[in-house]
There are 2 protein chains.
Amino acid sequence: MTATASGRAADPLTATFAALADPTRRAILTRLSSGEATVNQLAEPFALTQQAVSKHIKVLERAGLVSRSRTAQARPCRLEPASFDAAADWIASHRQLWHERYNRLDEHLAALRAGEPSDPAGDAAT
Amino acid sequence: MTATASGRAADPLTATFAALADPTRRAILTRLSSGEATVNQLAEPFALTQQAVSKHIKVLERAGLVSRSRTAQARPCRLEPASFDAAADWIASHRQLWHERYNRLDEHLAALRAGEPSDPAGDAAT
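Undergrad: Give a detailed account of helix α4 (residues 50-62) of chain B, specifying residues and quantitative values.
TA: Every α-helical turn comprises 3.6 residues, leaving residues that sit three or four positions apart pointing alike. All names here are of chain B. Relative to the 18 Å expected for 13 residues at 1.5 Å per residue, α4 spans 18 Å between its end C-alpha atoms, a close match to the ideal helical length. When α4 is considered as a whole, its buried residues turn out to be Val 53, His 56, Ile 57 and Leu 60. For α4, the angular spread of buried residues about the axis comes to 100°, placing them on one side. With respect to the buried face of α4, the exposed residues turned more than 90 degrees away are Gln 51, Lys 55, Lys 58 and Arg 62. On the buried face of α4, the contacting elements are α1 (12-20), α2 (23-33), α3 (39-43), β1 (66-68) and β2 (77-79). At the C-terminal side of α4, Gly 64 shows a positive phi close to 80°.

Right under this line is the structure:
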């Protein structure tokens, strides 16, 4: 895969991580974890203008992390927790890979200590 | 907490998510999951210059996701999986909060169906 660092038309995982890379947006998501809220309600605790909060909400919406009601006049924002799944899975799989590697190293060291010469080249070939 | 959208002197969680918000950097981390690699080795599969890869590595280093050997001349890069923990924990806690909310709603609906009028205002006050 040839990947570029360009942020345009970001893939979903990039959009999710970019949306999470801001303390205000994470605080907005934390607030939405306890229930829907309007932009007004979200702006209050942050000493931010409604306009600034609206910008953050747009980033969260584009990443699919938040949706807004089309029917209610105040258009409350709602968390979309399923969209965290890809990001959570990506991180989990990388921790998993490392733990497997670490366990193999552990076994290798244990074998060395027990005086059984293991074959690290053979292990590495898997 | 008053937070700003400024990226300067980012908190660790912001630095981690920002580092992960790029497909090339994620691919570099995936490569490092299977073992240490030099910048040369990392540049090869991405059709990127060494300079471009070095830039990505610096972002990953600042976020603590990757470390580089100070002793070996080629200074191989190594994954630091423990630094994924804060990001993984943050996402996990937000999924957890939502699942709890969803389960409470489920119980409320079940109670309604069973003809036991529950008190949603009382639930919401917790």
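Undergrad: I'd love a proper account of the interface of chain B and chain A, names of residues and values included.
TA: Contacts between the two partners involve 39 residues from chain B, matched on the other side by 40 residues from chain A. When chain B packs against chain A, the two sides together hide about 3,400 Å² of surface, and 64% of this comes from carbon and sulfur. Considering only the surface of chain B that becomes buried against chain A, Arg 26, Trp 90 and Arg 95 of chain B emerge as the three largest contributors, covering 16% of it. Counting across the chain B and chain A interface gives two salt bridges. Where Asp 11 of chain B meets Arg 26 of chain A, a salt bridge forms, and the shortest distance between an N and an O atom there is 2.8 Å.

Undergrad: Please provide a residue-by-residue account of the relation of the copies chain B and chain A, values included.
TA: Each of the two chain copies goes to the other by way of a rotation about an axis and a shift along it. In the superposition of chain B on chain A (RMSD 0.1 Å, axial shift 0.0 Å), the rotation amounts to 180°. Interpreted geometrically, this transformation is the action of a two-fold axis. The residues that chain B uses at the interface reappear at the interface of chain A in 100% of cases, marking a shared surface.

The rules behind each value
- The residue numbering used here restarts from 1 in each chain and proceeds along that chain's sequence as written.
- Chain letters start at A and ligand numbers start at 1, both assigned in the order the entries are written.
- Given that this is a predicted model, residues contribute local features only at a pLDDT of at least 70 and side-chain atom pairs are listed and counted only at 80 or more, while totals for whole chains, interfaces and linings are drawn from all residues.
- Computation of side-chain values covers all heavy atoms of the structure but excludes hydrogens and water.
- Secondary structure follows DSSP: runs of H or I at least 4 residues long count as helices, runs of E at least 2 residues long count as strands, and numbering of each begins at the N terminus.
- Given a helix with a known number of residues, its expected span is that number minus one, times 1.5 Å.
- Three labels apply to residues, based on accessible area from a 1.4 Å probe with only protein chains included: buried if under 20% of the type maximum, exposed if over 50%, partly exposed otherwise in between.
- When we speak of the arc, we mean the arc of directions from the helix axis to the C-beta atoms.
- The criterion used for residue contact is that any of the two residues' heavy atoms lie within 4.5 Å.
- Two parts placed together each lose some accessible area under a 1.4 Å probe, and adding up what both lose gives the buried area.
- The term salt bridge refers to a side-chain nitrogen of Lys or Arg lying within 4 Å of a carboxyl oxygen of Asp or Glu.
- C-alpha atoms of residues with pLDDT of at least 70 in both copies form the basis for the least-squares superposition of the copies.

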